[in-house]
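Analysis of the macromolecular model
The primary structure of each chain is shown beneath.
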Amino acid sequence: MRSFPVYLDSLPADARFFLQFGGQGNTYLRELGRFYNDYPELGPYFAAVFESIEESIHDEPFTSSDILSQGLDLKSWLEGRIVPTEEYLFSCTISLTCIFITQFACYHLLTLRGIMPALLERTVALTGHSQGIHSAVLAAMDAHGEEFYGHLKKFIKFYLYAGFRCQQTYPLRILDAALIERAMTRDFSRPAPMAAIAGFDRLELQQMVDDFNQTTAESLKLTISLENTGKSMILSGREEELVAFREATIPAFTERNASFNYLEITAPFHSPFMVDGLRRFAPDLPRIGFHYSGKDLKWPVLSTFDGSNMQSVPDLGPYLFALQAYTPLIWANCIRPLWEDPQITHVLDLGPGLISTLFTRELMGDRKLEIVAAATRKGLKKLLSES
């Protein structure tokens, strides 16, 4: 086997990479199934994944709650024997864990094929969209062999516990039938605690949210939780308030031809609703053995909070939980080096899906960078130099 595939051979000697990972809201099971079924060299990876889940799922707090009512038999799901409902697959305990596993299946395949070691040597920094920041952290540790599998299992357990504590913080709710009908009538989808809005800039949407919040209790106010591009935002809050906001702003949406879409997600991430989750989660960190600091990162990882280098963070466990659960995200801050560092020539997006690729491409405007979406068949074949 070559030391690394033809793709890297074909690049100029001064090519430099920026790595990014996607977040929640992406479909993942089909993509993960492709890695499971099509790449037998990932067998040890999936064995470690299944082992890590098995080591946790039958212990407290999971067994005393109905949050995982359909279990987490990922092996059966990937083999098509038992597949839960779509709603269950997007519950945050499941989706947080499985999206991470999907991302790192892609990353680890590229490592096994000799690409990532050579590519990391040319990498300037890494980041992740929302939960993708965890994958960026593990990648920046650049661990191999048994050390890598040890880290992998701890990160999977981190996600299981973090997702569980987030769902405890914002419990699964049985919504009133009339509320569901209102949302279905207007937007043909069930209400959710996060909604994607496209068509307004930040100041315009903030004014609309402020006007709405004047009639809302302090504890129930909506927040702009993610700013993906100049005119693509996410609102977080209770389903009732999001439906009411949608109805109150119909004329503005119609005039601007703006879009409003509920996300397939079960908690209002990146919002004050989730702050109490850290109190619940902090005691889990010693149980998981998650004792990492920024000094463990061999490459800069840019925080989704302010774009700062996380190599200076003294304790990554609570910090990572805060980034995924309740700190707001501005994607332009996360990818700031793409404007500020002229050395960067390529962006590698490790998925899942294409959402973060599209955000980055829109923000780049006329800046000429090659963005390779490794999560797509075309992008992966390009990296692996497959026909």
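Scroll up to find the structure.
Below or above, wherever it landed, is the structure these notes cover. (Residues numbered from 1 in each chain as written. Predicted model: local features only at pLDDT ≥ 70, side-chain atom pairs only at ≥ 80, totals over all residues. Heavy atoms only, no water.)

**Focus: the sheet that holds strand E2 (residues 123-128)**
The criterion, for reference: Only strands joined by at least two bridges in the DSSP assignment are considered to pair. Here a helix means four or more residues in a row that DSSP labels H or I, a strand means two or more in a row labelled E, and each is numbered from the N terminus. The axes used here are C-alpha line fits, helices contributing only the stretch in contact, and every angle between their N-to-C directions lies in the interval 0 to 180 degrees.
One open sheet holds the four strands; their spatial order is E2-E1-E8-E9, and the pairing between them is parallel. Each having just a single partner strand, E2 and strand E9 (370-373) make up the two edges of the open sheet. The average undirected angle you get between the axes of adjacent strands in this sheet is 20 degrees. The pairing of strand E1 (residues 17-21) with strand E8 (residues 346-349) spans four bridges and is parallel.

**Comments concerning the pairing of strand E4 (residues 223-229)**
Counted only if it meets this: A 1.4 Å probe rolled over the protein chains alone gives each residue an accessible area, and that area as a share of the maximum for its type sets the label: buried under 20%, exposed over 50%, partly exposed in between.
With respect to burial, E4 is a largely interior element, six of its seven residues being buried. Looking at chain direction, E4 and strand E5 (residues 232-236) are connected through five bridges and run antiparallel. Bridge assignment links Thr229 to a residue of E5, and that residue is Ser232. Between E4 and E5, which pair antiparallel one after the other, the connecting turn spans two residues.

**Things to note about the packing of helix H11 (residues 202-213) against helix H12 (residues 239-248)**
Helix-helix packing: each pair is described by the crossing angle between the helix axes and the interaxial distance. We count it as follows: Our angle categories are set so that under 35 degrees counts as roughly parallel, over 145 as roughly antiparallel, 65 to 115 as roughly perpendicular, and the remainder as oblique. It is the rotation of the near helix from the far one that decides the hand of a crossing: anticlockwise by less than a right angle makes it left-handed, clockwise makes it right-handed. Contacts are assigned to residue pairs with any non-hydrogen atoms lying within 4.5 Å of each other.
The N-to-C vectors of H11 and H12 enclose an angle of 115 degrees; their axes lie 11 Å apart at closest approach. Between H11 and H12, the angle is such that the two are roughly perpendicular. When the axes of H11 and H12 are compared, the crossing they make is right-handed. Each of Leu205, Met208, Val209 and Phe212 in H11 lies in contact with H12, whose residues at this interface are Glu241, Ala244, Phe245 and Ala248.

**A closer look at unusual backbone geometry**
Between Glu60 and Pro61 the backbone carries a cis peptide bond, its omega angle lying at 5 degrees. In this fold, Pro61 is placed in the loop between helix H3 (43-57) and helix H4 (74-78). Phi is positive for Phe188, which is not a glycine, with a value near 60 degrees. Positioned with a positive phi, Asn257 is a non-glycine residue whose angle comes to about 55 degrees. Looking at Asn257, the relative accessible area reads 70%, which means it is exposed.

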